[in-house]
Amino acid sequence: MESRISPFLISILCIGIAVLYIPILVLIGYSFNASALVSVWGGFSTSWYAELMHNDQILDAALLSLNIGLVVSTGSVILGTLAAISLVRFKMFRGRLLLTGMVNAPLVMPEIITGITQLLLFVSMLHVFGWPHRGFTTIVIAHVAFCSAYVTITVQSRLASADRSLEEAAMDLGSGPVRAFLDTTLPSIMPALASSWLLSFTLSLDDLVISSFVSGPGASTLPMVIFSKVKLGVSPDVNALASLMICLVGACVLFAGYLMRRAERQRLMDAQMAER
Amino acid sequence: MTPALNQDALSPALRRGLRAEWLERRGKWLIILPPLLFLLVFFLIPFGFALVISFADTAVRVPPYTDILSVSPDWHIHLTLNLGNFKYLLTDEVYGLSYLYSLKTAFFSTLICLAIGYPMAYGIARTSKSTQSILLLIIILPFWTSFLLRVYALEGIIRETGLLNTALLWLGVIDHPLQIMRTTLAVYLGIIYSYLPFMVLPLFATLEKLDHSLLEAAADLGSPPWRAFLEVTLPLSVPGIIAGSMLVFIPAIGEFVIPTLLGGPDNLMIGRVLWDEFFGNRDWPVASAVAIAFLVLLVGPIALYQHYNTKQLEA
């Protein structure tokens, strides 16, 4: 593309990016404010962070959210990858259209609808089967349902562009199809799996609406605790907590991006080597 | 005479072939079924439950609604469909008004996002490949950061004692702080701020693929840049415009966090009504009916998005 960009485009790009980032930077800045009044700068202090460490409600919620995030991201990567393999490798099967639809729908479905419908299912299931009790289990199931969709989309495109000749060579040399897949194609899509694990983790860690619906008494995730505090107004300890979460999520996303870029560069280099 | 097909006589290669064929015919279900069943049970079937419960009546019991199907002692199955909830949606004007208000808010926010996002995406698409990936990462990073936290961060800017008012007062542009929080403006700012990345990414994906030689051809044939833009770039970027607009419009209609935290009592969007019906009034059948009616309204935009999205993926 041309390198000539009009000043108008540059300025709107800069303003747009500034608008996206200024509130977050201001929030992080104010989390180090010594003053309890959120509008007055009282000097630099990390006391709000120290206070978080003594708040049992926040610590419990953080532990619950991290536990849920770990189980959800692992479960989503397994289910999402199986769905991606199904859609890429098996061109014809009964239910293919259904699976495609169910993989794409969670991405555009308003969370509030997904949350309500899943709650109704869980309540009816509990009524009939005596399982699952609302709390950890139901939040995990509900999160996996939408996170696995993101995993499938990410892995699907990677799998579709993966070179199958190695896998075919392994099969010619006597490996079974499953073994051949595990030995050749799986390592090549590993970066996509790792980055979609991280992205599922951040999605689960951030979710408020679906968790609020499907959770039960006594199981409040971190966003639920923050939401109930924020409804009362801006407060300095929430600033500190929000800054920590933004940094954690930002680190996950940057690392996921790094993994994908490194894999892409490796693939291009391999392709160049192969051409020689 | 053909040699008898004996299991031991099969060459290893043939046996592997048979095994691969078995996997292709039967074993593939081991891969397909887990995600298919999981999503069926925990994503699709719940919509059926919502539909069924929207025809039920409230009841003081657990779960708080009546059964639709009942079996009488003489083994007759009775189906009791109660249309009262949907009738109630039509008669109580809160629902109609909040639907319309949500549609209006989502529509105008989408337009504003498009107006800001298009030049941004266009600008990114015209930079070099290495700058592109950095700029995209900068746009994607907030896209993954929690909505709740970003809305909260925005509140820190626009509240009465926030950065914006402080700066404007200091500059002498205004002499008393602007009231932005709890107004319609705050809701618009919140939606635009939160959903802008959703607009930029699909637009960029389309604009990046644009064949630049078409614009050169237009220039060679004497077309001024604005005309080339209107007649070449804009029509070719329609799939991106539709995909980005739907990615903003659909979740914006159902938005709950933004009107609750930033809006005032007038900003009654459908997501908020649903939430209150569920957690405040605990009227599950009416809430289900609201959700079903809402979903019916969304079928059009979602189908539009899917259509253009698959088109773009195929291109």
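Because the structure is predicted, anything quoted here is derived from the model rather than measured.

A tally of helices and strands in chain B yields 13 helices and two strands. Against the 2.2 N^0.38 benchmark of 20 Å for 315 residues, chain B shows a C-alpha radius of gyration of 28 Å, more extended than a compact globule. Oriented by its inertia axes, the alpha-carbon framework of chain B measures out at about 100 × 75 × 35 Å. In chain B, buried positions account for 40% of the 315 residues. Counting contacts in chain B only where the partners sit at least 6 residues apart, residues at least 24 apart contribute 71% of the total.

Let us now look at the overall build of chain A. When helices and strands are counted, chain A shows 11 helices and zero strands. Reading the secondary structure of chain A in the N-to-C direction produces α-α-α-α-α-α-α-α-α-α-α. Taken along its principal axes, the extent of the C-alpha atoms in chain A is 70 × 65 × 35 Å. The 276 residues of chain A split such that 44% are buried.

Our next topic: the packing of helix H3 (residues 56–89) of chain A against helix H6 (residues 136–160) of chain A. Residue and element names in this part refer to chain A. Direction vectors running N to C along H3 and H6 enclose 40°, while the axes themselves pass 6 Å from each other. In terms of orientation, H3 lies oblique with respect to H6. Where H3 crosses over H6, the two elements pack in a sense that is right-handed. Considered class by class, the residues forming the contact of H3 with H6 number 19 nonpolar, nine polar and no charged.

Between chain B and chain A, the contact holds 74 residues from the first and 68 residues from the second. In terms of residue count, the dominant contributor to the side of chain B that touches chain A is helix H1 (residues 12–54) of chain B (22 residues). A per-class count over the side of chain B that touches chain A returns 55 nonpolar, 12 polar and seven charged.

For chain B, the mean per-residue pLDDT works out to 85, and 94% of the residues sit at or above 70. Note on the complex model: pTM 0.88, ipTM 0.89.

What follows covers the nonpolar core. Counting 155 residues, the largest nonpolar core has Ile-116 of chain A together with Ala-121 and Leu-274 of chain B as its most contacted members. Considering every element that reaches this core, the biggest residue donor is helix H7 (residues 184–209) of chain B, with 16 residues. Leu-274 of chain B has contacts with Ile-112 and Ile-116 of chain A together with Ala-287, Val-290 and Ala-291 of chain B, leaving out every residue within four places of it along the chain.

All names here are of chain A. Considering the arrangement of structural elements, one finds Ser-215 in the loop between helix H9 (209–214) and helix H10 (222–230). Among the residues examined, Ser-215 registers 22 C-beta atoms within 10 Å and is labelled buried. Ignoring any residue separated from it by four or fewer positions in sequence, one finds Ser-215 in contact with Arg-134, Gly-135, Thr-138, Ile-139, Ser-220, Thr-221 and Met-224.

Turning our attention to the environment of Phe-213 of chain A. The residue Phe-213 of chain A is located in helix H9 in this model. Counting along the chain gives 98 residues from Phe-213 of chain A to Gly-115 of chain A, while the straight-line C-alpha distance between them is 5.5 Å.

We now examine the domain arrangement of chain B. All names here are of chain B. When the domains of chain B are assigned, the result is domain 1 (9–54) and domain 2 (84–314). Once you take the C-alpha centre of each, domain 1 and domain 2 turn out to be 37 Å apart. Contacts between domain 1 and domain 2 engage four residues on the former and seven residues on the latter. In the side of domain 1 that touches domain 2, the residues fall into three nonpolar, one polar and no charged.

All right, on to unusual backbone geometry then. Of note, the amide linkage connecting Trp-131 of chain A to Pro-132 of chain A takes the cis form, showing an omega dihedral of -5°. With respect to the helices, strands and loops of the structure, Pro-132 of chain A is situated in the loop between helix H5 (111–129) and H6. If you check the backbone angles, Arg-182 of chain B has positive phi at about 65° while not being a glycine. Considering the arrangement of structural elements, one finds Arg-182 of chain B in the loop between helix H6 (163–171) and H7. Although it is not a glycine, Arg-282 of chain B adopts a positive phi angle of roughly 55°. On the neighbour-count criterion, Arg-282 of chain B (11 C-beta atoms within 10 Å) is exposed.

The rules we used
Residue indices follow the written sequence of each chain, beginning from 1 at its first position. In the order they appear in the text, chains get letters beginning with A and ligands get numbers beginning with 1. Local features in this predicted model are restricted to residues whose pLDDT is 70 or higher, and side-chain atom pairs enter the listing and the counts only when it is 80 or higher, whereas totals over whole chains, interfaces and linings include all residues. Helical segments are the DSSP runs of H or I of at least four residues, strand segments are the runs of E of at least two, and each set is numbered from the N terminus. Each radius of gyration is computed over the set of C-alpha atoms, and the globule rule expresses the reference value as 2.2 Å times the number of residues to the power 0.38. Whether a residue is buried, exposed or partly exposed is read from the other C-beta atoms within 10 Å of its own C-beta, which are placed from the backbone; 20 or more gives buried, 12 or fewer gives exposed, and intermediate counts give partly exposed. Residues are scored as being in contact if the C-beta atoms we place from backbone atoms lie within 7 Å. For helices, the fitted axis covers only the stretch in contact; all axes are lines through C-alpha atoms, and the angles between them, taken along N-to-C directions, range from 0 to 180 degrees. Every angle not falling under 35 degrees, over 145, or within 65 to 115 is termed oblique; those three ranges are roughly parallel, roughly antiparallel and roughly perpendicular. Two helices that cross are described as forming a left-handed crossing if the nearer one is turned anticlockwise from the farther one by less than a right angle, and a right-handed crossing if clockwise. Under the scheme applied here, ten amino acids are nonpolar (Ala, Val, Leu, Ile, Met, Phe, Trp, Tyr, Cys and Pro), four are charged (Asp, Glu, Lys and Arg), and all others, including Gly, are polar. Confidence of the predictor in every single residue is expressed as pLDDT, which spans 0 to 100. Nonpolar cores are identified as sets of buried Ala, Val, Leu, Ile, Met, Phe, Trp, Tyr and Cys residues joined via C-beta atoms within 7 Å. Start and end points for every domain follow an automatic or database-based domain assignment.

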